[in-house]
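The chain contents come next:
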Amino acid sequence: TKKKRSPPPQLGVGININIPTIDLSCVDDHDHEIRSPLYRKIVQACEEYGFFKVVNHGVPKEVISTMEYQGNGFFTKTLSEKQQAGGRAAATSPFGYGCKSIGFNGDTGELEYLLLPTTNPPPHDSCSSISSDISQLISSPNNFRCAVNDYIEAVREVACEILDLLGEGLGVQNKSVFSKLIRDVQSDSCFRLNHYPPLKQQQQPQPPNYSILSTSPNPKPTTTPRMGFGEHSDPQILTILRSNDVEGLQICTRDGLWVPVPPDPSEFCVFVGDALQAMTNGRFVSVRHRVLVASSVKSRMSMMYFGAPSLNAWISPLPELVSPRKPFLYNPFTWSEFKKTAYSLRLGDSRLDFFKTH
Ligand code: GA4
């Protein structure tokens, strides 16, 4: 019997949902009538999809365009320059420049990237967010470092605003319980630039009797999209992604359907991570997502801030979200323990399953 093959993934095609979109322009408003619909909508998006888009986020355009300019500048360098400048993603560290290989256990994708650790800046040093061992390796360090620092600082603020709204919406005692984890000076947050060059156009295989004298019209060149970054959830608390106008990102619904996310450079995409799923005792879901690459004329470039706790922070379901009807779903773990587990597994594995109580 022939094994039935599932159709190849397609770009920009698939089921369409109304992706929840949150307008943050009123986030500083203390009026309950304005705040409450806002946090209700975010909570609902985190329960339903673990994903939403944010508009009017308040991050200055120049902060974003400068980061984009510096990122493009980095990826335009030659391979050896990138390896030298970005540091090579070493055998023991995930940080630095990487090409096609993801993590340490054989995952690959059609991309190159730069993964940088961040540290929350001490008050008087405006250019200290990237840890210095990596930043020293990046050529034109000052411009690059400052672009990353300004960007991270602004986006961390957006992440904290969102987390505070979630705390409020969940009705937990201390609404800053999530944001204080990523504000911690020892926060293990990181920053990533992903660059997905377009695939080269391939001609469809010709039928055997095809000849140049054939009157049939030229076959349309098509290329099956390839996996840029395979299906996974992010391990951290919250991820904030911004991309240029090239498509490719898809999210997975609870029913297992893949939904293309139309790119919009003026918006942010927000992903619930595994740590937030654990802290909310499974009320929020960490969204599975992937990136497909097709033969476009332009590269896709995305930048992600991954908001994480400090390595020694304990992650456990908040008492307010545990009840006899909703008993503890996860055992407490430290962020360091969770990260170690994540790096011992494959990209697409469900690492939270290892911390389930039953
Ligand atoms: C996914 C989210 C972030 O990009 C990342 C990734 C990390 C890596 O690329 O080094 C991981 C991946 C991510 C999840 C499982 C592990 C770790 C590769 C991998 C196989 C930086 C992160 O924190 O987790």
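Preceding this paragraph is the structure being described.
A short tour of the structure in this document, coming up.

Cut-off values and rules
Residues numbered from 1 in each chain as written. Predicted model: local features only at pLDDT ≥ 70, side-chain atom pairs only at ≥ 80, totals over all residues. Heavy atoms only, no water. Pairing = 2+ DSSP bridges. Helix = DSSP H or I, 4+ residues; strand = E, 2+ residues; numbered from the N terminus. Axes fitted to C-alpha atoms, helices over the stretch in contact; angles between N-to-C directions. Contact = heavy atoms within 4.5 Å. Salt bridge = Lys/Arg side-chain N within 4 Å of Asp/Glu carboxyl O. Buried < 20%, exposed > 50% of the residue type's maximum accessible area, 1.4 Å probe, protein only. Expected span 1.5 Å × (residues − 1). Polar contact = N/O pair within 3.5 Å; in protein donor to acceptor, adjacent residues only side chain to side chain. Near = heavy atom within 4 Å. Areas by Shrake-Rupley, 256 points an atom, 1.4 Å probe, with all protein chains shown as cover. Nonpolar A, V, L, I, M, F, W, Y, C, P; charged D, E, K, R; others polar. Disulfide = S-S within 2.5 Å. Phe/Tyr/Trp six-rings, centres within 6.5 Å; stacked < 30°, edge-to-face > 60°. Lys NZ or Arg CZ within 6 Å of the ring centre and 35° of its normal.

1. Considerations on the sheet that holds strand β3 (residues 96–102)
Here is step 1: Here eight strands make up an open sheet; going across it, the order is β1-β2-β10-β7-β12-β5-β4-β3 and the pairing mixed. Both outer strands of the open sheet, β1 (21–23) and β3, are each paired with one neighbouring strand and no more. Taking the axes of each pair of neighbouring strands and ignoring which way they run, one obtains an average angle of 25° across the sheet.
Here is step 2: One ladder, built from three bridges, connects β1 with strand β2 (residues 51–55); its direction is parallel. Each residue of the ladder has a partner; that of Asp-23, found in β2, is Val-55.
Here is step 3: Its contacts with the sheet place helix α3 (residues 79–86) against β3 and β4 (107–117), and it is angled at close to 120° to β3.

2. Here we look at the pattern of salt bridges
Here is step 1: This structure, assessed with the given rule, holds 14 salt bridges.
Here is step 2: Among the ionic pairs, Glu-112 bridges to Lys-82, the shortest N-O distance being 2.8 Å. You can see Glu-112 sitting in strand β4 and its partner Lys-82 sitting in helix α3, a full 30 residues away along the chain.
Here is step 3: Its relative accessible area of 7% is what places Lys-82 among the buried residues.
Here is step 4: Between Lys-100 and Glu-110 there is a salt bridge, with its nearest N and O atoms 3.9 Å apart. Here Lys-100, found in strand β3, pairs with Glu-110, found in strand β4; they are ten residues apart in sequence, far enough to count as distant.

3. A look at helix α1 (residues 32–48)
Here is step 1: Its 17 residues place the ends of α1 24 Å apart at the C-alpha level, agreeing with the 24 Å of an ideal helix rising 1.5 Å per residue.
Here is step 2: Taken together, the buried positions of α1 are Arg-35, Ser-36, Leu-38, Tyr-39, Ile-42, Val-43, Ala-45 and Cys-46.
Here is step 3: Looking at where α1 begins, the residue whose side-chain oxygen comes 3.0 Å from the main-chain nitrogen of Glu-33 is Asp-31.
Here is step 4: Residue Gly-50 follows α1 closely and has a positive phi angle near 70°.

4. Describing the site of the ligand
Here is step 1: Every one of the 14 residues lining the ligand counts as a neighbour, but Arg-192, Pro-235, Gln-236, Phe-306 and Tyr-343 are closest to it.
Here is step 2: A distance of 2.8 Å is found between an oxygen atom of the ligand and a side-chain nitrogen or oxygen belonging to Arg-192.
Here is step 3: A distance of 2.7 Å separates an oxygen atom of the ligand from a polar atom in the side chain of Tyr-343.
Here is step 4: Protein contact buries 96% of the 450 Å² of open area that the ligand shows by itself.
Here is step 5: For the shell around the ligand, the class distribution of residues is eight nonpolar, three polar and three charged.

5. Topic: unusual backbone geometry
Here is step 1: Located in the positive-phi region is Asn-56, a residue other than glycine, with phi close to 50°.
Here is step 2: Of note, Lys-100 is a non-glycine position whose phi angle comes to about 70°, a positive value.

6. Notes on the sheet that holds strand β8 (residues 249–252)
Pairing between sheet strands relies on hydrogen bonds along the backbone, with the strands arranged either parallel or antiparallel.
Here is step 1: Strand order in the open sheet formed by four strands is β6-β11-β8-β9, and the pairing between neighbours is antiparallel. One side of each edge strand has no neighbouring strand; the edge strands of this open sheet are β6 (226–232) and β9 (258–260). For this sheet the average axis-to-axis angle between neighbouring strands, irrespective of direction, equals 25°.
Here is step 2: Sheet topology note: the β8/strand β11 (residues 289–293) ladder contains three bridges and is antiparallel. Paired with Leu-249 across the two strands is Val-291, which belongs to β11.

7. Looking at the state of the cysteines
Here is step 1: Applying the stated criterion to the full structure yields zero disulfides.
Here is step 2: Cys-46 forms no disulfide, and the closest cysteine sulfur to it belongs to Cys-269, at a distance of 13 Å.
Here is step 3: The class for Cys-269 is buried, based on a relative accessible area of 7%.

8. Section: the packing of aromatic side chains
Here is step 1: Applying the stated rule across the entire model yields ten aromatic pairs.
Here is step 2: Seen in terms of ring centroids, Phe-51 and Phe-271 are 5.1 Å apart; in terms of plane orientation they differ by 70°. Their pairing is edge-to-face. Within this pair, whereas Phe-51 is found in strand β2, its partner Phe-271 is found in strand β10 (residues 268–272), the two being separated by 220 residues in sequence.
Here is step 3: Given the relative accessible area of 1%, Phe-271 is considered buried.
Here is step 4: The structure contains a cluster of three or more aromatic residues connected by ring pairs, namely Phe-74, Phe-75, Tyr-97 and Phe-144.
Here is step 5: Here the guanidinium or amino end of Arg-290 rests over the ring plane of Trp-258, the centre of that ring lying 4.0 Å away.

9. A short note on the side chain of Thr-239
Here is step 1: Relative to the assigned elements, Thr-239 resides in strand β7 (residues 238–243).
Here is step 2: A distance of 2.7 Å separates a polar atom in the side chain of Thr-239 from a polar atom in the side chain of Asp-234.
Here is step 3: With residues up to four places along the chain from it excluded, the contact list for Thr-239 reads Asp-234, Cys-269, Val-270, Phe-271, Met-304, Tyr-305 and Phe-306.

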